[in-house]
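Architecture and fold: a report
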Amino acid sequence: MTNLPKALRSRLSEALPPALAVAHESVSEGGDTVKWLWTLADGAQVETVLMLYPDRATVCVSSQAGCAMACGFCATGQAGFERHLTTGEIVEQVVRAAQRGRALDRRVSNVVFMGMGEPLANYDRTWAAVRRLHDDLGLGARHLTVSTVGVVPGIRRMTEEGLPVNLAVSLHAANDRLRDELVPLNRRYPLGVLAAACRSYVETTGRRLSFEWALIDGVNDRSTDARELAEYARPLRAHVNLIPLNPTPGYRTRGTPPRRVQAFREQLDTLGINATVRRNRGTDIDAACGQLRAEHQVPVAITRPPGRP
Ligand code: SAH
């Protein structure tokens, strides 16, 4: 705000300090993925990832410090719940990433709530952040994506909001026995109830639904799994995003090897389901899906992959 007098500017910055202090920043090889670990005013830490693609720039934001959903394969779930983020803490992640984008001559075009935490378990603050990104930062509803493990009351509330953002559901299994194990919240909101909530979201908003499916070697990557997924996704016309499971410290099982990932995708294709294999962005800086977790306690350090200036 260079149009304001200097004295007023310094009073403003004293009265309104940033919510996020950089604790650590990592840049992937090639520079197209940037991850920040932030320290919040009370010492809690969360991460944000900026991903630069040729045609868009996406920010992946956290909605909670930690997570209470306890999915065993997810690093945030392994760490447990610390606290909800405020609306300001969520919005500021986008603002800070957008500042970096500008420095690189790029405009942030998309925001996905796929960082740490379960956004719909922190509904009011998450939704207020969605509104501010939309109303004040000018991001269109189709460029905003809320991802949930399947908090059905939250999906129902989103259905009533009148702002049709994209809905992503982290499915990972399409039978209740396996999903109960992988995603413990399934015991509370099983697949049938989840499908009904998804259906009314899609019918009301006209938005395409997507399912996230982290392929776990020998667990949910067999041909019966593909058939169950196809049966579940077909009536909802959902798009499927396949991500080979990223390694995390607390989970022994591995991701499905590339050849079987392709076979799984092809089987879905044969069954009439659109599926995309997601590129594993940021694995070299622990910024890939499910890997976000504070491991650097050192204040202000910048790492780059070995061999880079
Ligand atoms: N709690 C919300 C938002 C987090 S999104 C949700 O679950 O949707 C993070 C995404 O990464 C989810 O789809 C999650 O299931 C997935 N994920 C978690 N751990 C992972 C891992 N180790 N490898 C690949 N994907 C993972």
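Scroll up for the structure.
Below, the structure is looked at part by part. All figures in this text were calculated on a predicted structure; none of them were measured in a lab.

**Observations regarding the packing of helix α4 (residues 123–135) against helix α5 (residues 152–160)**
- Their axes nearest at 12 Å, the elements α4 and α5 cross at an angle of 35 degrees. Both α4 and α5 take part in a crossing whose hand is right-handed. Taken together, the residues of α5 that come into contact with α4 (itself represented by Y123, D124 and W127) are G154, R157 and M158.
- In terms of residue class, the contact of α4 with α5 is built from 3 nonpolar, 1 polar and 2 charged.

**Some words on the packing of aromatic side chains**
- Overall, the coordinates contain 5 aromatic pairs when judged by the stated rule.
- The lysine or arginine in question, R56, covers the ring of Y53, its NZ or CZ lying 4.0 Å from the ring centre.

**Looking at the pattern of salt bridges**
- Enumeration over the complete set of coordinates arrives at 13 salt bridges.
- Taking the shortest distance from any N to any O, the salt bridge between E47 and K35 comes out at 2.8 Å. Of this pair, E47 sits in strand β3 (residues 45–52) while K35 sits in strand β2 (residues 33–39), and the two are 12 residues apart along the sequence. You'll find E47 and K35 in the same group, each marked buried.
- Note that D124 is salt-bridged to R157, the shortest N-O span being 2.8 Å. Of this pair, D124 sits in helix α4 while R157 sits in helix α5, and the two are 33 residues apart along the sequence.
- According to the relative accessible area criterion, D124 is exposed, its value standing at 52%.
- In this structure R157 comes out as partly exposed when scored by relative accessible area, which is 41%.
- Taken together, the shared-partner salt bridges connect D42, R83 and E89 into one network.

So, how was this worked out
- Residues numbered from 1 in each chain as written.
- Predicted model: local features only at pLDDT ≥ 70, side-chain atom pairs only at ≥ 80, totals over all residues.
- Heavy atoms only, no water.
- Axes fitted to C-alpha atoms, helices over the stretch in contact; angles between N-to-C directions.
- Helix = DSSP H or I, 4+ residues; strand = E, 2+ residues; numbered from the N terminus.
- Left-handed = near helix turned anticlockwise from the far one by under 90°.
- Contact = heavy atoms within 4.5 Å.
- Nonpolar A, V, L, I, M, F, W, Y, C, P; charged D, E, K, R; others polar.
- Phe/Tyr/Trp six-rings, centres within 6.5 Å; stacked < 30°, edge-to-face > 60°.
- Lys NZ or Arg CZ within 6 Å of the ring centre and 35° of its normal.
- Salt bridge = Lys/Arg side-chain N within 4 Å of Asp/Glu carboxyl O.
- Buried < 20%, exposed > 50% of the residue type's maximum accessible area, 1.4 Å probe, protein only.

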